[in-house]
Amino acid sequence: MALLAEIVVDTEGDSRVVVLFPMMWLFFAVLVTFIVTRTITRRIRSRSGAAPTDDGTESGGGLINDITVGGVHLHHQVFGILFMTLAGLALIATTPEGTALNVFAALFGVGLALTFDEFALWVHLDDVYWSTSGRKSVDAIFCALMITGLMIGGAELVTGRIGTPEWWSSIGYLAISLAISVICMLKGKFVTGIVGIVFQPVAIIGAIRLAKPDSWWAMRRYPNKPRRMARARSRFGERYHARWNRARDFVAGPPDVREAGMR
């Protein structure tokens with residue numbers, strides 16, 4: 001296939017690693033764009049001395065500022081949607097191969113990163129970028145990087161020709177994987193469930209272990225099991241959230257203290 005390239009990792013044996021180059025370019029585009037975007041937004045906030053305002057006012061001088069058109073602040077997800085749209089249209093209309101395919105894959109990755117970096121805005125329909133709720137965007141980017149990273153090696157969810165035993169087997173395996181991932185999500189482990197669609201062992205572990213105390217699963221299955229609810233609250237208590245929030249804030253920047261208690 002034109003999309004695949006084999007790289008020899010053991011010259012004395014038969015071991016080979018298949019690399020799906022468009023996915024590799026997409027992965028690196030997402031990673032680099034996310035890092036650059038967060039660097040720019042943190043720079044804008046540091047210059048203003050606070051989180052960017054919601055009224056579209058510019059935060060200080062210099063070349064790097066929020067983009068405002070007609071008094072309306074344009075979120076970078078707008079450009080991400082445009083990039084993904086252009087890349088998608090080009091991929092469908094021209095069915096490119098080789099370098100052109102890699103370029104469009106990278107462009108799609110840039111758009112994906114810009115859009116997912118404001119994932120929390122989709123959920124809340126509000127500018128929560130620098131609030132505690134904005135940490136959901138970091139989780140979304142992490143999921144995107146995990147899935148695209150795993151697919152660099154040519155991971156396939158469905159294999160075989162349609163209607164063949166191999167195809168039906170892969171469909172059954174996918175259905176079971178999705179069911180396990182849904183259990184993870186019902187237990188409040190959304191990142192685990194999404195990553196588990198591609199890397200099933202993660203979902204299996206998440207489905208077996210305790211649910212988060214505020215999840216759908218715990219609310220409906222733990223009321224008559226006080227010991228299990230107590231264990232869930234102990235495992236997913238303040239220390240658990242503080243640990244993960246430190247990691248998120250290290251990557252994306254801490255939330256604005258003025259908004260931390262509001263959202």
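Structure report, in brief. Note that the coordinates shown come from a computational prediction; the quantities given were computed from them, not determined experimentally.

### Points about the packing of aromatic side chains
Under the criterion given, the structure shown has seven aromatic pairs. Look at Phe116 and Trp122: their rings are 5.2 Å apart centre to centre, the planes differ by 80°, and that puts the pair in the edge-to-face class. Assessed through its relative accessible area of 23%, Phe116 is described here as partly exposed. Residue Trp122 is classed as partly exposed on the basis of its relative accessible area, which comes to 34%. Taken together, a centroid distance of 5.1 Å and an interplanar angle of 90° make the contact between Tyr129 and Trp130 edge-to-face. Across the pair, Trp130 and Tyr129 agree in class, each one buried. Taken together, Phe116, Phe119 and Trp122 form an aromatic cluster joined through their ring pairs. Its end group placed over the ring of Trp130, Arg38 keeps NZ or CZ at 5.7 Å from the ring centre. Lying over the aromatic face of Trp130, Arg45 brings its terminal NZ or CZ to 3.9 Å of the ring centre.

### What to know about unusual backbone geometry
We note that Thr95 has phi near 40°; this positive angle belongs to a residue other than glycine. Tracing the backbone shows Thr95 in the loop between α2 (76-94) and α3 (98-116). At Leu125, a position not held by glycine, the phi torsion is positive, near 50°. Among the secondary structure elements, Leu125 is positioned in the loop between α4 (119-124) and α5 (135-151).

### Some remarks on the layout of surface pockets
Within this model, the largest pocket holds a volume of roughly 1,600 Å³. Along the wall of the largest pocket there are 44 residues; nearest its centre are Asp139, Val191, Lys212, Tyr240 and Arg248. Counting only elements with at least two residues in the lining of the largest pocket, the list comes to α1 (21-48), α4, α5, α6 (165-186), α7 (190-198), α8 (200-208) and α11 (238-252). With nine residues, the top contributor of residues to the lining of the largest pocket is α5. Across the lining of the largest pocket, the residue classes tally to 26 nonpolar, eight polar and 10 charged.

Definitions and limits used
- Residues numbered from 1 in each chain as written.
- Predicted model: local features only at pLDDT ≥ 70, side-chain atom pairs only at ≥ 80, totals over all residues.
- Heavy atoms only, no water.
- Phe/Tyr/Trp six-rings, centres within 6.5 Å; stacked < 30°, edge-to-face > 60°.
- Buried < 20%, exposed > 50% of the residue type's maximum accessible area, 1.4 Å probe, protein only.
- Lys NZ or Arg CZ within 6 Å of the ring centre and 35° of its normal.
- Helix = DSSP H or I, 4+ residues; strand = E, 2+ residues; numbered from the N terminus.
- 1 Å grid on protein atoms, 1.4 Å probe; cavity = no way out; pocket = protein on both sides within 12 Å on 5 of 7 lines; lining within 4 Å.
- Points joined across faces, edges and corners; volume = space filled by probe spheres on them.
- Nonpolar A, V, L, I, M, F, W, Y, C, P; charged D, E, K, R; others polar.

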